[in-house]
Amino acid sequence: MMSDFLAENNSCGQFILNLVSRGNAIVAELLRLKDYIPKVYRLDTKQDAQKYCDIILDFSYFKISEIHEERIENNEALRDLDEVFRDNHIEIIKRFYLVFESIHAYVTDLNHFVEELNEGIYIHQTLENVFTDIEGKQVMCEALYLYGLMLIIVDAFIDGTVRERLLVSYYRYAPQRQDTRSCIDEVCKLLRDTGYSLTKKPLTYPEDYFKRIKINSTYVDYVIGRLRSDDIYGQVSVYPLPKHRSTALANQASMLYICLFFSTDILHSQTAIMREIVDKYFPDNWTISLYMGLVVNLIETWDAFKAAKSALNNTLEAVNVKSYAISHGTNVPNLLKTTDLLLKEGNITDENLLKDINNIITTLRDCNVTVRWLMLHTVLKPGQNDKLKKSKQLRELVVTESKCDPELLFKLLLNTAQLELVVRELYKQLMTNKQDQWNELKMETNARLLELSEVFGGIKPLTRIQKNENLKIWFVEISKQVQSLSQEESSSSRKIVQLIQALEEVQEFHQLDSNMQIIQFLTETRKYLDQMLRTMSIKEDILINLQIIGDISYAWELIDYYTKIMQLGIQKEPTLVIKLRAVFLKLSSALEIPLLRINQAHSEDLISVSQYYSKELEIYVRKVLHIIPSMMFEKLARIIEMQTTVLKELPTRVDKDKIKDYTQLDERFEFAELTNSISVFSQGMRMMKSTLVGVICLDPKQLLEDGIRKELVLHISKALHNHLIFSPKSKYDELSQKLTTLVSIMDGFKRSFEYIQDYINVNGLKIWQEEVTRIINYNVEQECNGFLRRKIHPWQSLYQSRYVPIPIYPPIDQSVNFIGRLAREVIRLSDPKNSVYLDTTVTWYDSKTRKDLINKQTIASIASAIEITGLVGLDRLFSFMIVNGLQKVISYLENKNVQNVSWINIIPSIQKEMERNEEFSNPLKVYQTYINRCTKIWTEFLENILLVGQLQLLRNLVAFYLNTSCKFNAKTLESSLRAINKLAVEQQFL
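Residues numbered from 1 in each chain as written. Predicted model: local features only at pLDDT ≥ 70, side-chain atom pairs only at ≥ 80, totals over all residues. Heavy atoms only, no water.

Draft legend 1. Structural detail: the pattern of salt bridges. Taken as a whole and assessed by the stated rule, the structure comprises 37 salt bridges. Arg790 serves as the salt-bridge partner of Glu91, at 3.2 Å between the closest nitrogen and oxygen. One end of the pair, Glu91, is in helix 5 (residues 76-119); the other, Arg790, is in the loop between helix 36 (764-784) and helix 37 (818-829), with 699 residues separating them in the sequence. Residue classification places Arg790 among the partly exposed residues on the basis of a relative accessible area of 45%. Glu771 is the salt-bridge partner of Arg709, the closest N and O atoms lying 2.5 Å from each other. (Salt bridge = Lys/Arg side-chain N within 4 Å of Asp/Glu carboxyl O. Helix = DSSP H or I, 4+ residues; strand = E, 2+ residues; numbered from the N terminus. Buried < 20%, exposed > 50% of the residue type's maximum accessible area, 1.4 Å probe, protein only.)

Here's what the structure looks like:
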């Protein structure tokens, strides 16, 4: 029993429980890290391959490690690149290595535990004893299953070549730790490239992979034996119908599927065993979910195993597949009608729920089984394809024969989730009020019986009722029997049934039918007793069964297939989000699976694992509901267009004959209609209640605001990216034209946001200011990365957000983004070779045409386009460029980057000559000689010196504008406050 084997004082049970808890945490970390693989490790682009081929290496490095390290050490450029790469990637490399190492440590500890069991280290515990215990066999099977799952996940999400490169990088960059039992050699052997990819599968895969570390064969046999023969989780009792057996044993089937790879002889040649396994677990299904939506197709994965493939053929016969498809397909419309009827307001009450709970659970069971089978066998995760022709044909056959429209299937899922939510919440309320309800019913029943005894005793006379001492005594006795009833005693239910029968008999034998009041008293008493009986049946088992039946972990990733259907539904009817809340809550219940053992073990990993899965679900919910702010911005785009180009601004005074020109009734009606539709979408989002998904509470108001921010960021980033692209040989006025266009666009957004904020109840200008500032700061940070040794990765940036991401566009030229392009365009226009700077006017002029190139007005236009934050960002970027230019100048002076031998010590030699000859008879000739000696390197040196000066002048212009702007704003604010105060005084005086 659990209380024995997993008790805190049982060291054997605690060890394996903690190991399984660790396994679930490792799986979560692998799934988390799959999204953080540095792109450079894939070497996808030719540029990356050429640049990093000497420092990002696979296991071939170990054969030539000394030669390779020596080559890097002897090449200064390569050494510098290697050091920069290490500084920028060491943290993520360490994290990947730690999770790889933890897989090896996990299987080592599992093997060690099995050895200790066999050696009798744990007193009174043997391998055989543990597998006879209910909880013992569960955690022992889970331990092997989780190890196999880790191997599958690693190979599915982290390519073999990428793993090798990460491991080699760790070996090269990180000092070898002494605090671990897993040496890097063993980790490398376990996780070296298997040769598996989405397009290629080795002949002996995954058996060779699973054999890299040997697992005790007796332990494997025990695990497979128990999974084959037992219902280790007791799920069959929740699914009593034989046709639901494969669903009942689905989780166990997934475990068995993975564990069979540790004993591939069964898959290859044990035809009888495989036939038994298929008949029990896969008689009507061939697509299974391994863990949190990781789906596999047995047709493809068992194709290389003769016995397994042969055993599966019966399931895959066209006649059988058609039968399953037709059966589940016809269930959909029938179940939709049933659930629609149950969900009608007023159909599920406390009384009806207690009366029909079994029928409702049966309906929910049928719904979940139907949805599960059809979703797994008709839906492919976005971006995936069937690898084998046969699996594709069977999927198409199921779709054809089931005649199941995805929208109908999703509607059934929606109804199922809603019904589960209603039943669960109502039943929880009944459980909470169970004792009070029992006491109230008992009191009412007792009162009715005492009243009847008083009637027949003559104390309370009723017309045409004669006094009857026997009946008086009998009703008093029955009353005492009711008072003795207790919820805790199992015999009470039998007593209640007997009391109801006795009341029916007394009505019949004593001919009490003649008086309607007596009949009413007896009927009410029986009704209360019946309700007491039903109240006694309120148990937590019902909620547990609902949780098991409602499992949707298989759809953790497949649900994304229905995202468009959800969004189209929201577009038509924004209030659909209220119903979708039930689906999100149903998905959140899937978190129970990975957290169960972690919670039991009281592990510190509980918070991080629950946060990971909760955040994944939260991101999906945001993705679905993002259609609302997206639609709002579609309407807003038209509002912006109308505000900027269609609607005329009403002047303070209008001539009578021109009023008609300003009315624009049709246009203003359209404007009002657009505003109303935005308000409706906003209201639809707010109607969804706050929803707890895992450990994260989703506030609809915050979701709406974040969605608006996300759309705003997308539109602003796109405008900045598209309108700040300059041709290499652009005209002098191209910058001003592009800035004018951009100012118009940004101003349109700002004005419309200011207008619409009251209709959607958000602080529009605050959001505008925050998001524009964040976009500018992020792009400045990423542009400045080019001058930093230690880069700031996007996922490390303070300005980047997972919920409101700033889009990253591919570079168009040497700049990373628009801020770099703008800075370099300003530098190009103010180039000293082609322009002249006059300090008196603070302006750059074209040296040929004498036209203005850059002046205070240009900086003002930039400020209008990208706000004051953008100017500050430009100033920061110019500062980095100045530092870079000065570093190059110093490197020239220190002879670091000059290939010409004649330049070596040229400055010191000139200095010495000048010191010896303090006075020159012909200075012009002497200096000309010095200039001639520096001619070969002078051009590049001069370019950097000029650039530093040019950038400093630009910074001065930016600073001048900022100071002027700030002073002006301060003066304007001060004068405004004075005017307000004056007006207030005048009003008070009046």
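Draft legend 2. Representation of the side chain of Glu116 in the model. Position of Glu116 among the secondary structure elements: in helix 5. Given a relative accessible area of 17%, Glu116 falls into the buried group. When neighbours within four sequence positions are excluded, Glu116 is seen to be in contact with Ile121 and Tyr122. (Contact = heavy atoms within 4.5 Å.)

Draft legend 3. Molecular detail of the packing of aromatic side chains. Tallying each qualifying case throughout the model produces 33 aromatic pairs. For the ring pair Tyr41 and Phe85, a centre distance of 5.7 Å and an interplane angle of 55° mean the geometry is tilted. Residue Tyr41 is located in the loop between helix 2 (11-33) and helix 3 (46-52), and its partner Phe85 is located in helix 5; the two are separated by 44 residues in the primary sequence. The pair Tyr41 / Phe85 is uniform in exposure class, with both members buried. Plain terms: the ring middles of Phe210 and Phe261 are 5.6 Å apart, the flat faces sit at 50° to each other, and that makes the pair tilted. Remark: Phe261 occurs in the loop between helix 13 (250-259) and helix 14 (264-269) and Phe210 occurs in helix 10 (residues 207-210); sequence separation between them is 51 residues. Classification of Phe210 as buried rests on a relative accessible area of 2%. Through a chain of ring-to-ring contacts, three or more aromatic side chains come together here, namely Tyr147, Tyr196, Tyr205, Tyr209, Phe210, Tyr257, Phe261, Phe262, Tyr281, Phe282, Trp302 and Phe305. The positively charged end of Lys34 is found above the aromatic ring belonging to Phe157, 5.5 Å away from the centroid. The ring of Tyr803 has Arg622 sitting right over it, with the charged end atom 4.1 Å from the ring centre. (Phe/Tyr/Trp six-rings, centres within 6.5 Å; stacked < 30°, edge-to-face > 60°. Lys NZ or Arg CZ within 6 Å of the ring centre and 35° of its normal.)

Draft legend 4. A look at the packing of helix 19 (residues 350-378) against helix 20 (residues 389-402). Two numbers describe how helix 19 lies on helix 20: the axes approach to 9 Å, and their chain directions differ by 135°. By the criterion of interaxial angle, the relationship of helix 19 to helix 20 is oblique. Contact residues: helix 19 offers Trp373, Leu374, Leu376, His377 and Thr378, while helix 20 offers Arg395, Val398, Val399 and Ser402. (Axes fitted to C-alpha atoms, helices over the stretch in contact; angles between N-to-C directions. Parallel < 35°, antiparallel > 145°, perpendicular 65-115°, else oblique.)

Draft legend 5. Spotlight on the confidence of the model for the protein. When pLDDT is averaged along the protein, the result is 84; 92% of the residues meet or exceed 70. Across residues 968-973, where pLDDT falls below 50, the model places zero contacts with residues more than four positions away in sequence or in other chains. Every residue in residues 982-990 scores below 50 in pLDDT, and together they form zero contacts with partners more than four places removed in sequence or on other chains. (pLDDT = per-residue confidence, 0-100.)

Draft legend 6. The arrangement of the nonpolar core in detail. If you look at the biggest cluster of nonpolar residues, it comprises 248 residues, and the most contacted ones within it are Tyr147, Leu149, Tyr219, Met274, Phe282, Trp302 and Tyr613. The biggest single contributor to this core is helix 5, with 17 residues. With near-sequence residues (within four places) excluded, Leu149 lies in contact with Val27, Ile258, Leu290, Tyr291 and Leu294. In terms of nonpolar packing, the next biggest core, distinct from the first, is built from 23 residues, Val455, Phe475, Ile500 and Met532 among them. (Core = buried A, V, L, I, M, F, W, Y, C linked by side-chain atoms within 4.5 Å.)

Draft legend 7. View of the sheet that holds strand 7 (residues 852-854). Across the sheet, three strands lie side by side as 5-6-7; this open sheet has antiparallel pairing. The strands lining the two open edges of the sheet, one partner per strand, are strand 5 (835-838) and strand 7. Taking the axes of each pair of neighbouring strands and ignoring which way they run, one obtains an average angle of 40° across the sheet. By the bridge criterion, two bridges tie strand 6 (residues 843-846) to strand 7 in an arrangement that is antiparallel. Counted as the bridge partner of Trp844 is Ile854 from strand 7. (Pairing = 2+ DSSP bridges.)

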